[in-house]
Amino acid sequence: MNVSMPTPDPSTITHAPAPVRTTCAYCGVGCGVVATADGKGGATIAGDAAHPANQGRLCVKGAALGETLATGHRLLHPTIHGVRTTWNRALDAVTKGFRDTIERHGPDAVALYLSGQLLTEDYYVANKLMKGFIGSANVDTNSRLCMASTVAGHRRAFGADIVPGCYEDLDEADLVVLTGSNTAWCHPVLWQRIEQARTRRGTRVVVIDPRRTVTADSADLHLAVAPGMDAVLFARLLVEIAEGGAVDTNYVTRHTDGFEAALANAREIAPSRADAAARCALTEQALAAFLDWWIETPRVVTCFSQGINQSAQGTDKVNAILNVHLAAGRIGRPGCGPFSLTGQPNAMGGREVGGLANQLAAHMGFSPDEVDRVGRFWQAPGMAGKEGRKAVSMFEAIERGEIRALWVLCTNPAASLPRADAMRSALRQLDFLAVSEVSAHVDGLAEAATVVLPSAAWGEKNGTVTNSERRISRQRPFLAPPGEAQPDWWQICEVARRLGHGQAFDFASPAAIFREHAALSAFENDGARLFDIGGLADLTDQAYDALEPVQWPLPSGRDAGTQRLFADGGFAHADGCARLVPLAPPALSAPPTAEHPLLLNTGRVRDHWHTMTRTGLSPRLAQHRNAPFVEVHPADAERFGLEDGAFAAVSTRQGQVELRVVVTDSQQPGSIFAPIHWTDANAARARVGSLVHARTDPVSGQPDSKTVPASIRPWAMQAEGFIASRRRLPLPAWLSHARMTVADGEIVHFASPRAPGALHDLLSNWLNLWTSPLHQRNPAADLYRSASIVDHRLEILLSTGPRRDEDAIAWATDLLARERIDAATRRFILAGRAPDPGLRPSRQVCACFGVDEARIEAAARGGADSVEAIGAALKAGTNCGSCRPEIRKILEGCRQPA
Ligand SMILES: Nc1nc2c(c(=O)[nH]1)N[C@H]1C(S)=C(S)[C@@H](COP(=O)(O)OP(=O)(O)OC[C@H]3O[C@@H](n4cnc5c(=O)[nH]c(N)nc54)[C@H](O)[C@@H]3O)O[C@H]1N2
Ligand SMILES: Nc1nc2c(c(=O)[nH]1)N[C@H]1C(S)=C(S)[C@@H](COP(=O)(O)OP(=O)(O)OC[C@H]3O[C@@H](n4cnc5c(=O)[nH]c(N)nc54)[C@H](O)[C@@H]3O)O[C@H]1N2
Ligand code: SF4
Ligand SMILES: [Mo]
């Protein structure tokens, strides 16, 4: 079929001279951003003072968005089997791949795998194509790894996937409980709002996390709960709410069902304080403080994130939290409520359009009535009649050859799914794989694909996202897509047309898709479906362009959104009542064994986002944590013979990685932590996803990526070193390494079990440095350096020695940035340090102003003894505020007697 050549997104602006109001590319806080294109492909970025989510604030990731707009790493043209082709041929190939598979093996042999980073409009058409026109519900999303337990918990308790509160509740609470959430690092602007509430009204903060995170360090009370035991804690809370007379009897009787059964169940799970404290590995005093504060504080918000969701009992943990808020009637009113902090920028939007395999569009399910209703609205010939496969099960079906054609958009299952190594092989078994991506540097995905489609990225795309508080905001374009990149919605509609469904996918713009989505939410909706944005169904293109951030529900006829729900009941179950849900007895999904005696916990660091395809481009964000690591408690370090700064092999039944050891008492004994960000695209032998087991929650299907039985042992490295390079270099897979972006190139840290001299020889060979005149061999110190200079600039510098040399790294970074290396400096290139001793490196703390630990310590010695005083002296912490908790910690360290 030879349809028109790709039409560019009509509302894409080539060079917007004026500031454009859009929404941050990263987390579910959904901060408003003002981007002003510079006419050269870049833009300046500021917080949008008029956006209610952030009121002008940005965290360091948002503030550094301007450093991630360069297009050197972008996919520019469609390819088939790695060979450049036209859009027409590529889209025909996707169509054929799907059509052939459906003809041979039926509609359930094809699948879409989507992402909470797609815009609502992309997501809507993808879901419509699969569930309405291909006739299979095999469309799932990385939200399965992220928020699925919350969705399931909300639906069990409220009858629909509803977040009852809003961000103002954090400003107005007297107690904020953060459980399974490293808020200061993962939702930094919400953390700033909480900090402000502490100053303004004395709000207390409790953090429940097995690790003493930076968030926990800043709390009034930290409960280092035993991994996986949150449900015991909240079951005990329910018992004490009942015994302490804190039940809101009126609310419970009028608006809920199941209280007695849930209470009886809670008594079984947590019969006494002493018993609960023991199971959670807490002191009775700490547990008592939490219980008493919670019970005596009507304005309490309980926020939760992946420590709750990513668990084989995630749904029960969510319901344990919802149970206590329902029992105390603390929901839907100012300053109180359970609050799911969503991860991705559009995790919520994906849930609204039915991106999950077990939901239909507009919060409908697969009951015959709902299937019929959606089918009539779409005029769909082939409605899927039953739920599809959830992510983990979808990929298991791929492994078994049951699903044979797949289209992945905006996520990397080869890195982020459990058993990531096995997932990589699974992708290669498919008859057909299409991948829509923006980056040429993704781990394990493009290589396996038949067709790769270049997508438009943040800053180029046009549509909407919904944040954690149900607020719909516009993402507006301010740059033209590079090469032939096209938005995801357009790609999906083009394939739908080629499959013969042109009429149903004849959308001229994201605005047209949004109108249909809004109309479906209101279609035959007599109020029973709370997700209703019928009030936005008639937006003109201009009104859509100008849409201000608004919180759903917004039914037709109302002129404002909805801040809070459920203060007066009105739940989505048929009887209007919420359900308190009894819990299964809390247990680990897989207990430690003699072979794997530890529990591996995985998660995030402050300045990186997932697989780093965007944050990895920013020199500012590269500094804070610049290489993969594993955190180990001192007792475990001793037990397993590990040294701080040395390497260790971490193994599970699924795989092995080699990471640098950080010995810290912020871990609890028996449990280790590794961040998820480094993959084979930016490191080697550090893919944490390859360690994770595929144990899932029975209700939500969400994998447990927080408690994986693991072992750890020393991994002897004889050599360490780095390569400073102006260009991204291909590196051998046998070399443990991690890439770090710097201003004019990259620094690659590496380590190896080989001796430094031998390793240096191998790498000089690989890098073709033999011919360069700049060599230095110092066998006495076991130090080897080589460099090449091209056009008076440093091209490559290779340095190998017995240990990591921060001075040498700082000096090489400085050299890379120099426009011209003069004869005097040339003599020092291999010296390993600047001739000027002022360049002593130290760990960067404030990424906005480039302030390191040494300067903060010096200022503290000079009398700056508060975060504010440091801010006044060095500006550190005064912009995005993400580093304020760490500054506080450094000051505490300085105060301790030496
Ligand atoms: N900087 C940064 N911010 C991000 C992201 C990012 O990649 N980088 N990603 C975004 C996304 S998609 C998401 S989903 C969110 C995730 O945001 P968070 O959920 O805050 O992040 P995580 O680090 O995955 O895990 C949170 C904490 O759960 C704790 N935990 C582990 N097991 C348990 C347990 O059994 N009980 C309790 N109570 N806690 C436990 C971990 O120790 C960890 O500190 O962050 C979003 N924001
Ligand atoms: N062990 C372990 N595993 C985890 C987690 C954990 O805590 N521990 N967390 C889980 C969670 S909560 C999440 S959300 C996932 C995240 O895991 P992924 O979704 O796999 O991670 P990302 O790096 O965000 O992947 C997004 C991809 O989309 C591309 N992209 C960006 N913008 C666009 C666009 O507009 N269109 C298209 N087509 N592509 C685009 C990016 O280049 C990138 O390759 O990881 C999950 N996996
Ligand atoms: S908190 Fe940071 S990452 Fe999240 S939306 Fe706001 S600026 Fe973006
Ligand atoms: Mo997530």
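Residues numbered from 1 in each chain as written. Chains lettered and ligands numbered in written order. Predicted model: local features only at pLDDT ≥ 70, side-chain atom pairs only at ≥ 80, totals over all residues. Heavy atoms only, no water.

Within the protein chain, the secondary structure is distributed over 31 helices and 34 strands. Since a compact globule built from 898 residues should have a radius of gyration of about 29 Å, the 27 Å found for the protein chain is in line with a globular shape. Considering only C-alpha atoms, the protein chain reaches an extent of 80 × 70 × 55 Å along its principal axes. Burial statistics for the protein chain: of 898 residues in total, 64% are counted as buried. The centroid of the 91 positive side-chain charges in the protein chain is displaced by 3 Å from the centroid of its 96 negative side-chain charges. (Helix = DSSP H or I, 4+ residues; strand = E, 2+ residues; numbered from the N terminus. Rg over C-alpha atoms; globule rule 2.2 N^0.38 Å. Buried < 20%, exposed > 50% of the residue type's maximum accessible area, 1.4 Å probe, protein only. Lys, Arg positive; Asp, Glu negative; His and termini not counted. Charge placed at Lys NZ, Arg CZ, Asp CG, Glu CD.)

Here the focus is the nonpolar core. In terms of nonpolar packing, the biggest core is built from 127 residues, with Phe-290, Trp-294, Trp-407 and Leu-536 touching the most fellow members. The leading source of residues in this core is helix H9 (residues 230-243), at nine residues. There are two domains that each give this core at least three residues, and those are domain 1 (79-136 + 352-546) and domain 2 (148-340). What Leu-536 contacts, discounting residues up to four positions off in sequence, is Ile-472, Phe-514, Ala-518, Leu-547, Val-550 and Leu-554. Residues Leu-69, Val-163, Ala-173 and Phe-339 belong to the second largest nonpolar core, which totals 46 residues. (Core = buried A, V, L, I, M, F, W, Y, C linked by side-chain atoms within 4.5 Å. Domains from an automatic or database assignment. Contact = heavy atoms within 4.5 Å.)

Moving on, we come to helix H11 (residues 259-269). Residues spaced three or four apart along an α-helix face the same direction, because each turn holds 3.6 residues. Along H11, the residues that are buried comprise Phe-259, Ala-262, Leu-263, Asn-265, Ala-266 and Ile-269. Along the long axis of H11, the arc covered by the buried residues comes to 165 degrees, so they all point the same way. Among the exposed residues of H11, those oriented more than 90 degrees off its buried face are Glu-260 and Glu-268. Packed against the buried residues of H11 are H9, helix H10 (249-255), strand E11 (256-257), helix H12 (273-280) and helix H15 (314-327). (Arc of directions from axis to C-beta.)

Before going further, it helps to spend a moment on the site of ligand 2. Taken together, 30 residues surround ligand 2, and among them Gln-117, Asn-142, Ser-416, Glu-437 and Thr-611 come closest. With respect to ligand 2, the side chain of His-610 contributes an N or O atom lying 2.9 Å from an oxygen atom. Coverage of ligand 2 by the protein amounts to 95% of the 930 Å² it exposes when considered alone. Looking at the shell around ligand 2, its residues break down into nine nonpolar, 16 polar and five charged. Here the shell around ligand 2 spans two domains, since at least three of its residues come from each of domain 1 (79-136 + 352-546) and domain 3 (598-714). (Near = heavy atom within 4 Å. Polar contact = N/O pair within 3.5 Å; in protein donor to acceptor, adjacent residues only side chain to side chain. Areas by Shrake-Rupley, 256 points an atom, 1.4 Å probe, with all protein chains shown as cover. Nonpolar A, V, L, I, M, F, W, Y, C, P; charged D, E, K, R; others polar.)

With the rule as written, the count across this model stands at 63 salt bridges. Glu-469 is paired through a salt bridge with Arg-471; the nearest N and O atoms lie 2.9 Å apart. The same class applies to Glu-469 and to Arg-471, which are both buried. Between Arg-785 and Asp-805 there is a salt bridge; the shortest N-O distance is 3.4 Å. (Salt bridge = Lys/Arg side-chain N within 4 Å of Asp/Glu carboxyl O.)

Our focus in this paragraph is the state of the cysteines. Considering all chains together, one arrives at zero disulfides under this definition. Cysteine Cys-493 is unpaired, with the sulfur of Cys-410 as its nearest cysteine sulfur at 16 Å. The buried category is assigned to Cys-493, whose relative accessible area is 1%. Its sulfur unpaired, Cys-846 is 4.1 Å from the next cysteine sulfur, which belongs to Cys-883. (Disulfide = S-S within 2.5 Å.)

The strand order across the open sheet formed by three strands is E1-E2-E3, and the pairing between neighbours is antiparallel. The open sheet is flanked by strand E1 (20-23) and strand E3 (43-47), the only strands paired with a single partner. Strand-to-strand, the axes of this sheet are offset by a mean angle of 35 degrees, without reference to chain direction. (Pairing = 2+ DSSP bridges. Axes fitted to C-alpha atoms, helices over the stretch in contact; angles between N-to-C directions.)

The next subject is the sheet that holds strand E9 (residues 204-208). Strands pair in a sheet through their backbones, by hydrogen bonds, and they do so in one of two ways: parallel or antiparallel. Spatial strand order, E10-E9-E8-E12-E13: five strands in an open sheet with parallel pairing. Unpaired on one side and paired on the other, strand E10 (221-223) and strand E13 (337-340) mark the two borders of the sheet. Across the sheet, the mean angle separating the axes of adjacent strands is 15 degrees when strand polarity is ignored. Bridge count for strand E12 (residues 300-304) against E13 is four bridges, and the pairing is parallel.

In the structure shown here, the tally under the stated rule is 15 aromatic pairs. Taking the centre distance of 5.5 Å and the plane angle of 50 degrees together, the rings of Tyr-26 and Trp-609 count as tilted. Of this pair, Tyr-26 sits in the loop between E1 and strand E2 (32-37) while Trp-609 sits in the loop between strand E21 (598-603) and helix H24 (619-622), placing them 583 residues apart in sequence. Trp-609 shares its class with Tyr-26; the two are buried. Aromatic side chains Tyr-167 and Phe-339 sit 5.9 Å apart centroid to centroid with 20 degrees between the ring planes, which places their arrangement in the stacked category. On the criterion of sequence distance, the pair formed by Tyr-167 in the loop between helix H4 (148-158) and helix H5 (168-172) and Phe-339 in strand E13 is long-range, its members being 172 residues apart. Taken together, the ring pairs in this structure connect Phe-158, Phe-566 and Phe-571 into an aromatic cluster. Lying over the aromatic face of Trp-552, Arg-470 brings its terminal NZ or CZ to 6.0 Å of the ring centre. Its end group placed over the ring of Tyr-544, Arg-474 keeps NZ or CZ at 4.2 Å from the ring centre. (Phe/Tyr/Trp six-rings, centres within 6.5 Å; stacked < 30°, edge-to-face > 60°. Lys NZ or Arg CZ within 6 Å of the ring centre and 35° of its normal.)

The environment of ligand 3 is formed by Cys-24, Tyr-26, Cys-27, Val-29, Gly-30, Cys-31, Leu-58, Cys-59, Lys-61, Gly-62, Pro-188 and Val-189. Only helix H1 (60-63) and helix H7 (188-201) provide two or more residues apiece to the shell around ligand 3. Residues belonging to the shell around ligand 3 are distributed by class as follows: nine nonpolar, two polar and one charged.

Assigned domains of the protein chain: these are domain 1 (79-136 + 352-546), domain 2 (148-340), domain 3 (598-714), domain 4 (719-831) and domain 5 (844-895). Here the C-alpha centre of domain 4 lies 27 Å away from the C-alpha centre of domain 3. Between domain 3 and domain 4, the residue contacts involve 19 residues of the former and 16 residues of the latter. By the criterion of area lost to domain 4, the three top residues of domain 3 are Asn-626, Arg-660 and Ala-684, representing 32% of everything that side buries. Counting every contact that joins domain 3 to domain 4 gives one salt bridge. Two residues, Glu-720 and Arg-660, come together in a salt bridge whose shortest N-O distance is 2.6 Å. Counting across the domain 3 and domain 4 interface gives six residue pairs in polar contact (both at pLDDT 80 or more). Those elements that place two or more of their residues in the side of domain 3 that touches domain 4 are H24 and strand E24 (656-663). A class-by-class count of the residues in the side of domain 3 that touches domain 4 yields ten nonpolar, six polar and three charged. (Buried area = accessible area lost by both parts, 1.4 Å probe.)

Once that is clear, we can look at the pairing of strand E29 (residues 745-752). When you tally the buried positions in E29, you get eight out of eight residues, the bulk of the element. Relative to E29, strand E27 (residues 719-725) runs antiparallel, the two being bridged by seven bridges. Within E29, the residue paired with Glu-720 across the bridge is Ala-751. The hairpin formed by strand E28 (residues 736-742) and E29 contains two residues between the paired strands.

This next bit is on the environment of Ala-594. As for its position among the elements, Ala-594 is in the loop between strand E20 (578-579) and E21. The exposure class assigned to Ala-594 is exposed, which follows from its relative accessible area of 82%. Taking the C-alpha atoms as reference points, Ala-594 and Gly-132, separated by 462 residues in sequence, lie 50 Å from one another.

Here we come to unusual backbone geometry. Here Trp-552 and Pro-553 are connected by a cis peptide whose omega angle stands at 0 degrees. Considering the arrangement of structural elements, one finds Pro-553 in the loop between strand E19 (550-551) and E20.

Of note, Leu-326 is situated in helix H15. C-alpha separation for the pair Leu-326 and His-255, spaced 71 residues apart in sequence, amounts to 8.8 Å. With near-sequence residues (within four places) excluded, Leu-326 lies in contact with Ala-157, Phe-158, Tyr-251, Val-252, Thr-256, Ile-331, Phe-571, Ala-578, Arg-579 and Leu-580.

Here we come to helix H2 (residues 87-105). Helix length check: H2, at 19 residues, gives a terminal C-alpha distance of 27 Å against a target of 27 Å (1.5 Å per residue), a fit within 8%. Listed in full, the buried residues belonging to H2 are Trp-87, Asn-88, Ala-90, Leu-91, Ala-93, Val-94, Thr-95, Gly-97, Phe-98 and Thr-101. Just beyond H2, the residue with positive phi is Gly-106, at close to 90 degrees. (Expected span 1.5 Å × (residues − 1).)

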